[in-house]
Every structure is written in C-alpha cells, then in structure tokens.
Amino acid sequence: MTKTTATTDAPKPVTKTTTAGEGGFNAKYTYAEQGETYYNDGRELDLLSHIFSLPHLHSLRNNPPAILHEIDLFATRRYLMNIGSLKGRIITTLLATHAPRTSIELGGYVGYSTILFASAVRDAVGPEARYYCVEANPVFAAIIMALVDLAGLRDTVRVLVGESTMWIKKLEQDRVLENGKVDFLFLDHVKSMYTRDLKVLESLGMVKEGAVLVADNMVKPGNPEYHRWVNAAPEEKRGMVEKTKGRGEPANVVDGLEGDPELSYTSEWVESWEPQGVRDAIEITRVLGRG
Ligand SMILES: C[S@@+](CC[C@H](N)C(=O)[O-])C[C@H]1O[C@@H](n2cnc3c(N)ncnc32)[C@H](O)[C@@H]1O
C-alpha cells in the first residue's frame, strides 16, 4: 500500500493507487447486477422475511458470519448495496489491529457492514466497544436492529435512526462518546455528505488523534471533494476555508462548521471490488493530529 501524508510543510500530496485490486475479482459470492432500481423496492424487507423464515434460523443466532453468509446468498439473486466481502475483509483486517473503542458508521442500509465491523471491533476490544450506526431510512434501521439482535451484537451496536449530520451534533451535545471522540469512522452514506459530515466532526473536536477514517465508493461513483480534503495540507485547507468566507455558506458547510484545517491526515488508497464485480476503492485515512 502507498501512503500520502499531509503536513504543513509538505508539498501538495499525490495519492498513488495500490495494487490490491489487481488480483482480479475473486469473491466467494458474486452479487446480482445492480440494475436501475436497486434499493427501496421491498427487497430489504424480503431479505428480513427470508432470513427469519429459514429452517436453520436457530443456527444464525449469535452467529455473525452465518448471517452475513445468508445476506450474501440473497444478494446473489437480488442485488443489495452492501460493502461485500472483499472490501469488507480489508476493513476487518484493519479493525483487528486498530481496535477502536468508539466507532461511527454513516449509512447502515440492512446492516451488513454493521454486523461485519461491529463483530470485528467487539473481538478486538471486548464488551466495552461501542459501534454507532446511523441510518436515515427508518425501515432500513429497523431491519438493522432485527439483524443486529439476531447476531448477538445488541450490547455493542446502537442504531441511530435519522440523518447523519443531526446525529453527529446530537452525539456531541449529549456527550455520548467516550472522551467525546471517535476512533473509527466509516463513511458509506450520500457521497456528497462525506466531506460535510467530516467537517462537522472536525469542527466539534470529535476526531481523535490516531483515529482511522474509511470512505467507501471512492471509484464507484468517486468522491473527489472528500479525497481532496483528506489529502490537503493544513495550509491548503486554510486557503479553501478562507476562500469560502463572505460568500455565504457553501453546500459542504453546516452552521459555520467548516472543518479544522489544522488536522493532518495520512491516506491510503486501496483498490478493491464491489460485490457484483465492479472495480472500486476505499480510502483509509489516519489522523495524525493538529499542526
Ligand atoms: C450504500 S448504503 C450503506 C451500505 C452499508 N454500509 C453496508 O455496506 O452494508 C447507504 C445507506 O446510507 C443511508 N443514508 C443516506 N443518506 C444518509 C444520511 N444523511 N444519514 C444517514 N444515512 C443515510 C441510506 O438510506 C442507505 O441505507
């Protein structure tokens, strides 16, 4: 893997791609093609009914891998917008060593990544691990809760139903997080909101030094704005913030929460595959600290 580091003195960094995706698509399950209508057409509730009517349901209880297997199998017939096993494995490998005590996931859908990552975090940290999954769609959130309960992860996962920016601010106001900060952030909701929500977290002082941020779908469909923010040196970010001043609030800024340009990051771009066999990449960003 190659890395880029953004520090005050660094020239504008260039992120290089890794070769992680060059082995070809070799997932155990190939999801059905995405198609034009690919979510919120009843398939998510069909998944839930399917899982709870399986004759071997009892073997799924407290068994995250068995539940993920059933979700993957279902998605070979009807596409589901899950992270999938290949990108998922890169992230669980990271979680095993990073062992974050406090995690936030933005965009949970039917809970595939929630179950995969929360069980990895619980294995790495133990019962004190906390995994907050934010999901805007109340039906999807209810599905996540049912599957998280089946997986035996209810003590680790808290599903927050509603819009991400609102929840980030509420977590801060209600002093919910340990030390008020996040150790692991997984961004997988509306692509245009990655930068905006990261800036809110930065502005509220919720991004811990040493934390890891993982952004999905950096190729499909891509997110140049987010990539630029996490790879810019503080000086460049100061310039970006300065430029927007006096011009009204840009779309990626909430209530004047324009981010913390002094936070330095180092990023890895990791190529991989969507579970239906389409090329993608995740961006893994480590928080070096301020200044
Ligand atoms: C790609 S799916 C998430 C997939 C999931 N992380 C996985 O890999 O299993 C994106 C989800 O983000 C949710 N979402 C979109 N905008 C959101 C927002 N602003 N706040 C919270 N959730 C949001 C959508 O309802 C959808 O369920």
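Data block above holds the structure.
Just so it is clear, the model here is predicted, and its values are computed rather than measured.

## Thoughts on the overall build of the protein chain
Piece 1. The secondary structure content of the protein chain amounts to 10 helices and eight strands.
Piece 2. Compactness check: the protein chain gives a C-alpha radius of gyration of 19 Å against a globular reference of 19 Å for 291 residues, within 12% of the reference.
Piece 3. In terms of overall dimensions, the protein chain has C-alpha extents of about 60 × 45 × 35 Å along its principal axes.
Piece 4. Every one of the 291 residues in the protein chain was classed for burial, and the buried ones make up 47%.

## A closer look at the nonpolar core
Piece 1. One finds Ile71, Val110, Ile115, Phe117, Ile144, Leu147 and Val148 to be the most contacted residues of the largest nonpolar core, which totals 78 residues.
Piece 2. Beyond its immediate sequence surroundings of up to four residues, phenylalanine 117 is in contact with Ile91, Thr92, Leu95, Ser103, Glu105, Tyr131 and Phe186.

## Brief notes about the pairing of strand 4 (residues 157–161)
Along any regular strand, the residues point their side chains to alternate faces of the sheet.
Piece 1. Two strands pair when backbone bridges link them, and strand 3 (residues 130–135) and strand 4 are joined in this way by five bridges, in the parallel orientation. Note that in strand 4 the partner of glutamate 135 across the bridge is valine 161.
Piece 2. For the segment spanning strand 3, helix 5 (residues 138–150) and strand 4, crossover handedness is right-handed.

## Remarks on the site of the ligand
Piece 1. Surveying the vicinity of the ligand reveals 20 residues, the closest of which are Ile83, Gly107, Tyr112, Ser113 and Ser164.
Piece 2. When contributions to the shell around the ligand are tallied by element, the ones reaching two or more residues are helix 4 (112–125) and strand 3.
Piece 3. Considered class by class, the residues forming the shell around the ligand number 10 nonpolar, seven polar and three charged.

## Digging into the packing of helix 6 (residues 164–173) against helix 7 (residues 193–203)
A packed helix pair is summarised by two numbers, namely the angle formed by the two axes and the spacing between the axes.
Piece 1. Contact geometry for helix 6 and helix 7: axes closest at 10 Å, N-to-C directions at 10°. The orientation of helix 6 relative to helix 7 falls into the category roughly parallel. Here helix 6 contributes Ser164, Thr165, Ile168 and Lys169 to the contact with helix 7, which in turn contributes Met193, Arg196, Asp197, Val200 and Leu201.
Piece 2. Classifying every residue of the contact of helix 6 with helix 7 by side-chain character gives four nonpolar, two polar and three charged.

Calculation criteria
- Residues numbered from 1 in each chain as written.
- Predicted model: local features only at pLDDT ≥ 70, side-chain atom pairs only at ≥ 80, totals over all residues.
- Helix = DSSP H or I, 4+ residues; strand = E, 2+ residues; numbered from the N terminus.
- Rg over C-alpha atoms; globule rule 2.2 N^0.38 Å.
- Buried ≥ 20, exposed ≤ 12 C-beta atoms within 10 Å, placed from the backbone.
- Core = buried A, V, L, I, M, F, W, Y, C linked by C-beta atoms within 7 Å.
- Contact = placed C-beta atoms within 7 Å.
- Pairing = 2+ DSSP bridges.
- Right-handed = clockwise from strand over helix to strand, strands pointing away.
- Near = placed C-beta within 6 Å.
- Nonpolar A, V, L, I, M, F, W, Y, C, P; charged D, E, K, R; others polar.
- Axes fitted to C-alpha atoms, helices over the stretch in contact; angles between N-to-C directions.
- Parallel < 35°, antiparallel > 145°, perpendicular 65-115°, else oblique.

Note that every value here comes from positions in space, so none of it alone points to a role or purpose.
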